[in-house]
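Here is how the chains run, residue by residue.
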Amino acid sequence: HLCDRRQRQMCIRDRKCSMKLQHLDKYKRLGLKISYYRKVKGMTQEQLAEELGKSLSFIGAVEAPNIDRTISLDTLFDISDVLEIPASKLLDTE
C-alpha cells in the first residue's frame, strides 16, 4: 500500500510503504516534470494515459503533488519514450 498523510507515522514504524518517506519529494518533482513535459508536447493526461496503456486516474495520481504515487522504471521509460525526452530529464532533481 502507499502512504497517505494519515498512515505516514505508521509507515515510519512498520516500513510497509512502497514509497520511502525520504524519497517523497523526489516522486513529487518527478510527477511535476512529467506534467510539464506532457504539456510542452501538447498532450492531455488522457492522451498520455492512452499512449501508455494506463488509466487517466493513474496519470493524474502520478502528476498530482498531493498524492503519493510511485511508478516503475518500465513506466518511467515508457513515459520518456512517449514524451520523446531522455528519462534523465525526468530524473534530474536539480
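Residues numbered from 1 in each chain as written. Predicted model: local features only at pLDDT ≥ 70, side-chain atom pairs only at ≥ 80, totals over all residues. Heavy atoms only, no water.

Draft legend 1. Up close: unusual backbone geometry. A positive phi angle, near 55 degrees, is found at Glu84, a position not held by glycine. The class for Glu84 is exposed, based on a relative accessible area of 63%. (Buried < 20%, exposed > 50% of the residue type's maximum accessible area, 1.4 Å probe, protein only.)

Draft legend 2. Spatial organisation of the pattern of salt bridges. Evaluation of the coordinates by the stated rule reveals two salt bridges. Where Arg38 meets Glu63, a salt bridge forms, and the shortest distance between an N and an O atom there is 2.7 Å. Of this pair, Arg38 sits in helix α2 (residues 24-40) while Glu63 sits in helix α4 (residues 56-63); the two residues are 25 residues apart in sequence, bridging distant segments of the chain. Here Arg38 and Glu63 have matching classes, each one buried. Ionic pairing is found between Glu84 and Lys41, a salt bridge with its closest N-O pair at 2.8 Å. Linking Glu84 in the loop between α5 (73-83) and α6 (87-91) with Lys41 in the loop between α2 and α3 (45-52), this pair joins segments that are 43 residues apart in sequence. Taking relative accessible area as the criterion, Lys41 reaches 36% and is therefore assigned partly exposed. (Salt bridge = Lys/Arg side-chain N within 4 Å of Asp/Glu carboxyl O. Helix = DSSP H or I, 4+ residues; strand = E, 2+ residues; numbered from the N terminus.)

Draft legend 3. Representation of the packing of α2 against α5 in the model. Two numbers describe how α2 lies on α5: the axes approach to 10 Å, and their chain directions differ by 20 degrees. As summarised for this structure, α2 and α5 are arranged roughly parallel, according to the angle between their axes. Considering only the axes of α2 and α5, their crossing is left-handed. Residues Leu30, Ile34, Tyr37 and Arg38 of α2 lie in contact with α5, whose contacting residues are Leu76, Ile79 and Leu83. (Axes fitted to C-alpha atoms, helices over the stretch in contact; angles between N-to-C directions. Parallel < 35°, antiparallel > 145°, perpendicular 65-115°, else oblique. Left-handed = near helix turned anticlockwise from the far one by under 90°. Contact = heavy atoms within 4.5 Å.)

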